[in-house]
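Single-letter residue listing:
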Amino acid sequence: MKTDINTKILAIDTSCDETSAAVTQGVRILSNIVWSQASLHAEFGGVYPSLAQREHKLRIDWVINKAIQNSKIEFKNLDAIAVTVGPGLAIALGVGIDKAKELATKFNKPIIEVNHIEGHLLSPFARSRNEQSLIVDNQFPALGLVVSGGTTQIILAERLGKYKILANTVDDALGEALDKGARLLGLGYPGGAILERIARDGKKNSYLLPIPMLGRENLNRFSYSGLKTALVRLVEKIKKEKGQLSQTDIQNLAFVYQDAAFTHLIRVLTYIIHNSNIKINDLFVGGGVGANVYLRNLLRKMAREENLTIHFPYSKILFGDNAAMIGVTAYFSYQRRNYLKSKEISKIDRSPKFRIDSI
Amino acid sequence: MKIVKKEHISVDEIVNVLQNKGLVIMPTETLYGAFVDATNIKAVAKLNEYKARPFGKPYSVAVANQQMAKEYVEINENAKSLYDSFLPGPLTIVSKGKHQVAKGVESEKGSLGIRIPDYQLVIDVINKLGKPITATSANASYQKRPYRVEDILKNISLKQKKLIDLIIDAGELPHLEPSTVIDTTLDDPIILRQGDIKIKDKNEVLSQSVENTQNLAKNLYQKYEKHLDQRAIIFALEGPMGAGKTVFTKGLAKAMGIDEEIVSPTYDLMLNYESENKKSELVHIDAWRMLTSSEFEDLGINKMISDKSVFAIEWAEKVSGVIRKYNEDAVIVWIKIEYPNSDQENERKITWGVL
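Every value quoted in this text rests on a predicted model; they were computed, and no experiment measured them.

Cut-offs and rules
- Residues numbered from 1 in each chain as written.
- Chains lettered and ligands numbered in written order.
- Predicted model: local features only at pLDDT ≥ 70, side-chain atom pairs only at ≥ 80, totals over all residues.
- Heavy atoms only, no water.
- Helix = DSSP H or I, 4+ residues; strand = E, 2+ residues; numbered from the N terminus.
- Buried < 20%, exposed > 50% of the residue type's maximum accessible area, 1.4 Å probe, protein only.
- Contact = heavy atoms within 4.5 Å.
- Salt bridge = Lys/Arg side-chain N within 4 Å of Asp/Glu carboxyl O.
- Axes fitted to C-alpha atoms, helices over the stretch in contact; angles between N-to-C directions.
- Parallel < 35°, antiparallel > 145°, perpendicular 65-115°, else oblique.
- Left-handed = near helix turned anticlockwise from the far one by under 90°.
- Nonpolar A, V, L, I, M, F, W, Y, C, P; charged D, E, K, R; others polar.
- Buried area = accessible area lost by both parts, 1.4 Å probe.
- Phe/Tyr/Trp six-rings, centres within 6.5 Å; stacked < 30°, edge-to-face > 60°.
- Pairing = 2+ DSSP bridges.

Enquirer: What is the right way to read the environment of I164 of chain B from this model?
Expert: Residues and elements named next belong to chain B. Turning to its location among the elements, I164 is positioned in the loop between helix 7 (158–163) and strand 9 (166–169). For I164, a relative accessible area of 1% translates into the label buried. Sequence spacing of I164 and V24 is 140 residues, and the spatial spacing of their C-alpha atoms is 6.4 Å. Sequence-distant contacts of I164, that is, excluding residues within four places in its chain, are made with M1, L23, I25, Y50 and I156.

Enquirer: I would appreciate a short explanation of the pattern of salt bridges in the present structure.
Expert: As a working rule, side chains carrying opposite charge can pair if their charged atoms are close by. Residues and elements named next belong to chain B. Counted by the stated rule, this structure contains 27 salt bridges over all chains. Where D165 meets K46, a salt bridge forms, and the shortest distance between an N and an O atom there is 2.7 Å. In this pair, D165 sits in the loop between helix 7 and strand 9 while K46 sits in helix 2 (residues 41–51), placing the two residues 119 residues apart along the sequence. What makes D165 partly exposed here is its relative accessible area of 30%.

Enquirer: For this particular structure, what's the right way to read the packing of helix 9 (residues 210–224) of chain B against helix 10 (residues 245–255) of chain B?
Expert: The geometry of a pair of packed helices is captured by two quantities: the angle between their axes and the separation between those axes. All names here are of chain B. Between helix 9 and helix 10, whose axes approach to 7 Å, the crossing angle comes to 50°. Between helix 9 and helix 10, the interaxial angle falls into the category oblique. In this structure, helix 9 crosses over helix 10, and the sense of that crossing is right-handed. Residues V210, T213, Q214, L216, A217, K218, L220 and Y221 of helix 9 form the contact with helix 10, whose own contacting residues are V247, F248, K250, G251, L252, K254 and A255. Residue composition of the contact of helix 9 with helix 10, by class: nine nonpolar, three polar and three charged.

Enquirer: I would appreciate a short explanation of the interface of chain B and chain A in the present structure.
Expert: At the junction of the two partners, chain B supplies 74 residues and chain A supplies 54 residues. For the pair chain B and chain A, the summed buried area comes to about 5,700 Å², and 57% of that belongs to carbon and sulfur atoms. At the surface where chain B touches chain A, the tally comes to two salt bridges. The shortest N-O distance in the salt bridge between K353 of chain A and E260 of chain B comes to 3.1 Å.

Enquirer: What should I look at first to understand the packing of aromatic side chains in this one?
Expert: Aromatic ring pairs are described here by two measures, namely the spacing of the ring centres and the angle between the planes. Residue and element names in this part refer to chain A. Scanning all chains against the criterion turns up 11 aromatic pairs over all chains. Measuring from centroid to centroid gives 5.6 Å for F255 and Y294, while their planes differ by 55°, and the two rings are tilted. With F255 in helix 7 (residues 247–274) and Y294 in helix 8 (residues 293–306), the pair connects residues that are 39 residues apart, well separated along the chain. For F255, a relative accessible area of 11% corresponds to the buried category. For the pair Y334 and Y339, a centre-to-centre distance of 5.0 Å together with 35° between the ring planes defines the contact as tilted.

Enquirer: Any chance you could explain the sheet that holds strand 11 (residues 203–207) of chain B here in plain terms?
Expert: Strands pair in a sheet through their backbones, by hydrogen bonds, and they do so in one of two ways: parallel or antiparallel. Residue and element names in this part refer to chain B. Taken together, seven strands build an open sheet; the order of strands is 11-17-16-12-15-14-13 and the sheet is mixed. Looking at strand neighbours, the two that pair on one side only are strand 11 and strand 13 (270–274), the edges of this open sheet. If you compare each strand with its neighbour and ignore which way they point, the axes differ by 20° on average. As defined by bridge partners, strand 14 (residues 281–286) adjoins strand 15 (residues 309–314) across six bridges and the pair is classed as parallel. Directly across from L282, in strand 15, lies its bridge partner V310. Helix 10 contacts strand 12 (232–238), strand 14, strand 15 and strand 16 (330–338) of the sheet and is inclined by roughly 155° relative to strand 12.

Below you can see the structure in the form of C-alpha cells.
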C-alpha cells in the first residue's frame, strides 16, 4: 500500500456555505477551489452566501472538475477521496458525501472521512505545490486554536488523530461575534473583514467595553453574547446623544469591540498554557478568523512571551473553509490506514455535530 | 486586441469601444478589471465567455456616484451610511437591484453589488458612458489576481485574448487587496417582513436577569408540553441582536432535560439536540442569515416536524409566513424579547402568545 508523501487525494467540503474541492499530494496542494464570496477569488464583486442544499448541488460538479483540471491529475490516478462528514449543516454535508460516494464507486477508490474542525486544526501543515522540504517534525503534544464563524475551540492534540477539547464557546462563536458586531455598526454582512479594516483607524480605549469572563478564565469557556449586548447598548447610547455614528465613532467602536473579543480569547488561551500539566511547545492556529492580521499579531506576541512556536496556514485561502485542508488531514488519516474501501462506503453518513474529540 | 498605454488614450476612445459592446481591460485602485456595458446583454455575454464563469455567478457593477447607484439599486439606511462613509473606495455594497442591468448581472435573488472606484479614469469613463459597467477582475475565474497586464495575458487562451477589444496598460499596480463585499439586503424590512404578527391572549413580563428569562422559558415549556404527543411545539423568537434569544433557548433545553451546551446556531443555521430520555428533540434554528424563506424550508422542516419535536426559531419574524403554515402540525408560541426604555442593562420586556 502506498502511504508515501505522494499520496494523491481528491477532497470535498460542503459543510456550510462554501462549496469546495481540492487535490492534494501528501501535504502539498495541487489545486484548491472554493466557491464563496469570502475567498480570495471573490475579486471585486460577488455573491453572498447561499445556504441551501440546492446551491451546493448546482456548484459541486463544476468545483470538482475545476479542482481536477487545475491539479493536472486524472481521476484514475487518485489514491483516495476525502470528504467532510461533520460538523456542519446536515443537508449541506449530504451533498458532498453523496458526490464522494458516487465518485468512489465509479473509480473504485477508498473514502477517507474527515472532521471539518480537524481540517482547520491541521491546515498549517499544508504546503504549496512547489514546496521541497516536506519534513514534518514531531510537534506533539501541541495546542490548537480553531476560530471561525461557527467554532471557537482550544484543542489539545496529543498526537495526530487524538484530541481533547480544552475550551469551547457557550454561546456565540468568535467569527459570528465579529460579523454581528460589524452589523451593529452598520457595516453589512459578512462584516468580519471590513470590521478589521475599519478598526485599523480606531483608537484603543476610546470607548469602554467589558472583556468577557474577566477573572473567570479558569472556567475554560468562551462567551461572546454579553459583549455583543454591551455593544448594542453602547451604540444606542451614542446615537441618543449624537443622532448617529460618525465615521470616527465607527472606527473606534470597531477597534474596542474587536480588541475586547480578542483579549478574551488570548486570556483563556494563556490561562490554559499556564495551567497545562503537559509541556507544550507548539500552537497551531486555523479557521477563518485567523486571517485577521491584528489577531495574528496578538497571538504572535503571546507565543513569544510563552515561548511557543506558532504555526499558521501559509496562505489566506487556507484560513477559511476550504477542501485542501480536508485533503491534508485525510492524508494523515490515510497514513494511519483510517479509510473505508469502496465496497464499505455505504456506512458513511453525515455527522452534523461531529466533535473533534470523538474521531 | 489592442494594448495602449494609459497616457496615450482618451476617455472618448474607451467609451466608444464600450458603446460598441466591447470588452475593455483597465486599471483600478485595486487591480486590473474587465469592463463591459452592464446594461447590454451581448456585452455581458462576451464577458461571461471571457471569464469562463460558472453558471449563476453575478457581477458587481461600477457606477460614478451615489446618484447613479440609486437608478440601479434600492439604497436602504444601512447602505446609505456605508456609501457616505466609505465610497469611493475598495468596497462593494450589495443592495436590492432594480433590474435595470442585463440579465445575469444581478444575482438570482435579485441583488446587485455596487462599487464606486477610487480611480479617476474609470469614473470619467462611466460618466461619459452614462451607464454602469461591470466591475470584475480581469483574470479568468480562479486565476492569479492581476496587478500587471502580463499577469492576465499569461493565464488566458488565445480564444480569450480575441475577446478583448482594448487593454489600457498602466504598468504594475500597487498590490492592494481586492474590494470587500458587504451585503445590506439582510436588513431590508420590505423583503423580509412577511406581514404583522397578531398574537392572541397576549402576556407580558419584565425579566430582570438571564435566570429570569430562562425560568420563563421553562414555565412556557411546561405550559405547552402537554401538546407534545399530538403536535410539535414551535417557539418563534423575535427580538433585536443581543436581546437574549439564545438565552431563552438555553432555558427551554434545561426544561426538556438536555444536558448539552446550547450555542448560537447563527453559523450552522440549525442545531438539533435530543433530550436525555430520548423522548423529545429540540431543533434550534436561526433565520438571521437567511435571505428567503425557502432557505428555511430547505432545512427539511417538513421531515422534522413531529409530535416529539420542539422548535426554537430565532429571528422568526423573517420567516413568519412559513412558520404559520405549520399551524396544523404545531402549537406556535410567539415570543418577543425587547430592550425596555430603562437604564437597567439586564432588563428585557418579554411578550408572548399563541399565534
